[in-house]
Amino acid sequence: QEGVKPAQVSALADYSKYTFGNFSLREAEKLSQVEKQSLSKAFKTAQGFAERPQGWLVLMGPTFTGKTHLAAAIGNYARTNAEGAPVFVEVIKLLDHLRATFHPSSPRSYDRVFDEVLSTPLLILDALGTENATSWAREKLYQIFSHRYVTELPTVITMGLTMDDLEKQDPRIFSRMGVA
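Just so it is clear, the model here is predicted, and its values are computed rather than measured.

Participant: Hey, could you go over unusual backbone geometry for me, with residue numbers and the actual values?
Facilitator: Phi is positive for Phe64, close to 60°, though the residue is something other than glycine. Although it is not a glycine, Glu152 sits at a positive phi angle of roughly 55°. Tracing the chain through its elements places Glu152 in the loop between α5 (135-150) and β4 (155-159). Taking relative accessible area as the criterion, Glu152 reaches 67% and is therefore assigned exposed.

Structure (structure tokens):
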């Protein structure tokens with residue numbers, strides 16, 4: 001369709017309100033000492049990563065604990081303080097973007113979308129493990145992870161899985177996260 005703008009892979013603009021300044025350490029809630037320490041450590045680690053993105057940062061934990069907020073805060077910090085806008089995308093939506101390029105009327109080619117994700121200076125993948133783990137999806141994620149691992153490009157991942165769960169679900173992706 002003429003005049004239709006292709007969908008952007010990055011959804012960071014939708015998360016522009018998520019910053020380090022408005023992240024809640026949930027002091028008013030009845031968190032255990034371990035939970036408080038974990039949340040504080042995650043916050044400080046995310047801030048440090050934002051200031052100097054190197055390697056990979058994996059934010060794990062149950063839903064509604066602030067993983068996406070911290071990941072978006074890293075992206076928003078990078079957008080205003082670094083060259084090149086980061087790509088922030090939910091894994092499910094990334095796979096949808098890739099699949100959509102196969103449609104004959106797609107305004108974007110598969111190679112262009114895939115290269116955008118592979119080569120962005122900072123990739124933030126939200127909600128790893130929530131996708132339908134088809135062999136195609138696992139292969140695409142492995143290609144992304146492998147490329148970013150080999151080229152040493154900064155990558156942030158949020159997931160509700162534990163590392164043990166991820167290793168069982170997909171040992172190849174687990175191996176590229178630098179923990180094996």
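Participant: Account for the pairing of strand β1 (residues 56-60), naming residues and giving values.
Facilitator: The two faces of β1 differ: Leu57 and Leu59 on one face are buried, but Trp56, Val58 and Met60 on the other face are not. Pairing analysis gives five bridges linking β1 to β4, with the strands arranged parallel. Across the sheet, residue Met60 finds its bridge partner in β4, namely Met159.

Participant: Got a sec to walk through the confidence of the model for the chain? Specific residues and values, please.
Facilitator: Scored by pLDDT, the chain has a mean of 90; 94% of the residues are at 70 or more. When mean pLDDT is compared element by element in the chain, strand β2 (residues 87-90) scores highest at 97, while helix α7 (residues 171-176) scores lowest at 73.

Participant: Give a detailed account of the packing of aromatic side chains, specifying residues and quantitative values.
Facilitator: This structure, assessed with the given rule, holds eight aromatic pairs. Taking the centre distance of 5.9 Å and the plane angle of 80° together, the rings of Phe20 and Phe43 count as edge-to-face. Of the two residues, Phe20 is situated in the segment before α1 (33-51) and Phe43 in helix α1; the sequence distance between them amounts to 23 residues. Assigned by exposure class, Phe20 and Phe43 land together as buried. Geometrically, the ring pair formed by Phe23 and Phe43 is stacked, given 5.5 Å between the ring centres and 15° between the ring planes. Residue Phe23 is located in the segment before α1, and its partner Phe43 is located in helix α1; the two are separated by 20 residues in the primary sequence. Take Phe23 and Phe43: they sit in the same class, and that class is buried.

Quick notes on the rules
- Residues numbered from 1 in each chain as written.
- Predicted model: local features only at pLDDT ≥ 70, side-chain atom pairs only at ≥ 80, totals over all residues.
- Heavy atoms only, no water.
- Helix = DSSP H or I, 4+ residues; strand = E, 2+ residues; numbered from the N terminus.
- Buried < 20%, exposed > 50% of the residue type's maximum accessible area, 1.4 Å probe, protein only.
- Pairing = 2+ DSSP bridges.
- pLDDT = per-residue confidence, 0-100.
- Phe/Tyr/Trp six-rings, centres within 6.5 Å; stacked < 30°, edge-to-face > 60°.

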